[in-house]
Number of protein chains: 2
Amino acid sequence: MKIAIDAMGGDYAPFEVVKGVCLACDEFDNVDYLLVGDQAKINDCLVQLNRELPKNVEILHTDVFVTMDDDPMLVMKGKENCSMRLGLEKLKQGEVDAFVSAGSTGALHTASTLIVRRIKGVRRSAIAAVIPLKKPMLILDSGANPEVNADILNQWAVVGSAYVNQMFSVESPRVGLLNNGTEEHKGTTVVQEAYQMLKNNENINFVGNIESKEIFNCPCDVLVTDGFTGNITVKLIEGMGKFMFKSIKNVLYTNIFTKISAICLKKPMMKFKKDFDASEYGGAPILGLLKPVVKAHGSSNAYEIRSTIKQAIQFHETGIIEKVANALK
Amino acid sequence: MKIAIDAMGGDYAPFEVVKGVCLACDEFDNVDYLLVGDQAKINDCLVQLNRELPKNVEILHTDVFVTMDDDPMLVMKGKENCSMRLGLEKLKQGEVDAFVSAGSTGALHTASTLIVRRIKGVRRSAIAAVIPLKKPMLILDSGANPEVNADILNQWAVVGSAYVNQMFSVESPRVGLLNNGTEEHKGTTVVQEAYQMLKNNENINFVGNIESKEIFNCPCDVLVTDGFTGNITVKLIEGMGKFMFKSIKNVLYTNIFTKISAICLKKPMMKFKKDFDASEYGGAPILGLLKPVVKAHGSSNAYEIRSTIKQAIQFHETGIIEKVANALK
């Protein structure tokens, strides 16, 4: 098995990416790696890390890469030799089995859809995010498709279920539809129509409409929604989490007594914060494609890159995509 | 001035409503009150409260009321004599100046739109909710209209600005558009179109697209969105707030040391929790109507009913509706 990694994508690329690949190499040494990016810069990183290029790592050199501000279409026309594009081409050609990038989400989604292409029968590929709860909840789409129809939501339920089943070992994943009420008639026309399709879909375990206030009670394993609502949901959880932890910190700094309390609370508080950290689950898979592509968080550090690589390995090994393709035949 | 209150609406009606009206009577004694509901039950509540009916409170008797499970249209046809309907009729006829109910949101929105009617030029009335931040943020619509067009969002920006200006004394309220990115081209077709209309609207102070993760940094005073997204946003904040406070409680109960710490933290923690309590701001006004209607939270206690009555008094006194009507002429 061989995994390609975009060495130039992410806020801390290439250093954290190269370091992350080295971590992965040490841990998963039966895998080959293809680092796509600037050879000289990658070598500089290795010097900083005080290590040689591991034997199972190959470098595919390019000094072109997409930035966060670039138009996503530049990968297709204008920056054809960028690291993201070259990695995806290798994936398409079957020279590698999965691709990982912490670069621009829009560019990765656009380019992977156009280059790697979708599973037959899947009308749109979705970016799936994990909400870190007692049991991880997969939410899709989390931002790639602001406007969808009922048919697309229904397909995502199948794709998402297969992913959760294989990756999180959930027997019959419960699928929920994000809605503004639990009743059947609630929501927009598209959502109402999706409800009926999901209810009649025998390939999934549909548990009905899910209100956002219930998310934290783990009411389902796969939460289906359009990319607009999904993006707002995922980012709100992120923003509110930061706000709450900051506010708690302020509470702990109120006076000398609370500061002493803070010492006693440090360990359980750190555990709570860690339980609530999505990066433990790696990155966001792009679901509905013919090959595994995983988006690592833009601000990934080396450990998060390593976790995303681990996820990509598992994504390939479990054969999820073949299973989805068969289910949709 | 006279305020009508639906004595039968809410999870703890009529007791908490009657108690709340008594609290309001004590505090705002220059106002007259009309309690609409079951006379015998209201009297029972007064007996329990060990007090007489205050002089400035009148009772309009009816033993019919809408439940949370009733179809909202029942207020219009089937339960014409329910407390909610009678109160709204009194408001329409000018016998009272504002109406407060903790009953079914759907029923209140439907009935108030059909009975009290909308301001000329306002195509849809919206339920506005307050997000309790350092500075309160008004979000509209929070659930009444899952599907809207750009024109409606633009009108809500005007209506919401007038409300925030008068009720929270904000000079030139900053209006934001909830979106899945900050760039002008982001979002659904409706949201993209709304962006252009808001940008060109000289009656408001438009500050651009707001991502949900930024909400807690108080980027605007009025956040405009459709009722589907608004509902999901408001309920997610509610649900996540509960989850976080419960998790912190668990952290504090970890061991003997954390339990001792909990004692030191009680006061600042309570303050943080209170700062984050939307009920301090009263209920959710239905904006765009010709008269003030305010929805109290379904689970309101007496103090929250009192706060919502206070809000209704201020809503009437500030003449917001006349100002909006003039702005839209």
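Residues numbered from 1 in each chain as written. Chains lettered and ligands numbered in written order. Predicted model: local features only at pLDDT ≥ 70, side-chain atom pairs only at ≥ 80, totals over all residues. Heavy atoms only, no water.

A. The environment of B:Pro285, seen in detail. Residue and element names in this part refer to chain B. Note that Pro285 resides in strand 11 (residues 284-287). The exposure class of Pro285 is buried, given its relative accessible area of 0%. C-alpha of Pro285 to C-alpha of Gly37: the two residues are 248 residues apart in sequence and 21 Å apart in space. Ignoring any residue separated from it by four or fewer positions in sequence, one finds Pro285 in contact with Ala126, Ile127, Ala128, Tyr163, Val293, Val294, Gln311 and Phe315. (Helix = DSSP H or I, 4+ residues; strand = E, 2+ residues; numbered from the N terminus. Buried < 20%, exposed > 50% of the residue type's maximum accessible area, 1.4 Å probe, protein only. Contact = heavy atoms within 4.5 Å.)

B. Expanded view of the packing of aromatic side chains. For the coordinates displayed, the defined rule picks out 10 aromatic pairs over all chains. An angle of 75 degrees between the planes, with centres 5.3 Å apart, marks the rings of B:Tyr195 and B:Phe206 as edge-to-face. With a gap of 11 residues between them, B:Tyr195 in helix 6 (residues 189-199) and B:Phe206 in strand 9 (residues 205-210) connect regions that are remote in the sequence. The two residues B:Tyr195 and B:Phe206 agree in class, both being buried. Feature note: the residues A:Tyr163, A:Phe168 and A:Phe315 constitute an aromatic cluster, connected by ring pairs. Directly above the aromatic system of A:Phe245 lies the positively charged group of A:Lys273, at a separation of 5.4 Å from the ring centroid. (Phe/Tyr/Trp six-rings, centres within 6.5 Å; stacked < 30°, edge-to-face > 60°. Lys NZ or Arg CZ within 6 Å of the ring centre and 35° of its normal.)

C. A look at the environment of B:Ala327. Relative to the helices and strands, B:Ala327 resides in helix 10 (residues 320-327). Those residues within four positions of B:Ala327 in sequence are excluded, and the remaining contacts are B:Val158 and B:Asn203.

D. Molecular detail of the interface of chain B and chain A. Counting from both sides, the interface comprises 46 residues of chain B and, opposite them, 46 residues of chain A. Summing both sides of the interface, chain B and chain A together bury roughly 4200 Å²; the carbon and sulfur share of this comes to 77%. Where chain B touches chain A, the interface holds two salt bridges. The partner of A:Glu211 in a salt bridge is B:Lys235, with the nearest N and O atoms 2.2 Å apart. Our count for the contact surface shared by chain B and chain A stands at 10 residue pairs in polar contact (both at pLDDT 80 or more). Listed by contribution, the elements that provide at least two residues to the side of chain B that touches chain A are helix 6, helix 7 (227-252) and helix 8 (256-275) of chain B. If one sorts the elements of the side of chain B that touches chain A by residue count, helix 7 of chain B sits on top with 19 residues. In the side of chain B that touches chain A, the residues fall into 23 nonpolar, 17 polar and six charged. (Buried area = accessible area lost by both parts, 1.4 Å probe. Salt bridge = Lys/Arg side-chain N within 4 Å of Asp/Glu carboxyl O. Polar contact = N/O pair within 3.5 Å; in protein donor to acceptor, adjacent residues only side chain to side chain. Nonpolar A, V, L, I, M, F, W, Y, C, P; charged D, E, K, R; others polar.)

E. Here's a closer look at the sheet that holds strand 11 (residues 284-287) of chain A. Residues and elements named next belong to chain A. Here seven strands make up an open sheet; going across it, the order is 3-2-1-4-12-11-5 and the pairing mixed. Each having just a single partner strand, strand 3 (57-61) and strand 5 (126-127) make up the two edges of the open sheet. Here strand 1 (residues 2-6) pairs with strand 4 (residues 98-101) via three bridges, running parallel. Counterpart to Ala4 in the pairing with strand 4 is Phe99. Where helix 3 (residues 83-92) meets the sheet, it contacts strand 1, strand 2 (32-37), strand 3, strand 4 and strand 12 (293-295), and its direction lies at approximately 165 degrees from that of strand 4. (Pairing = 2+ DSSP bridges. Axes fitted to C-alpha atoms, helices over the stretch in contact; angles between N-to-C directions.)

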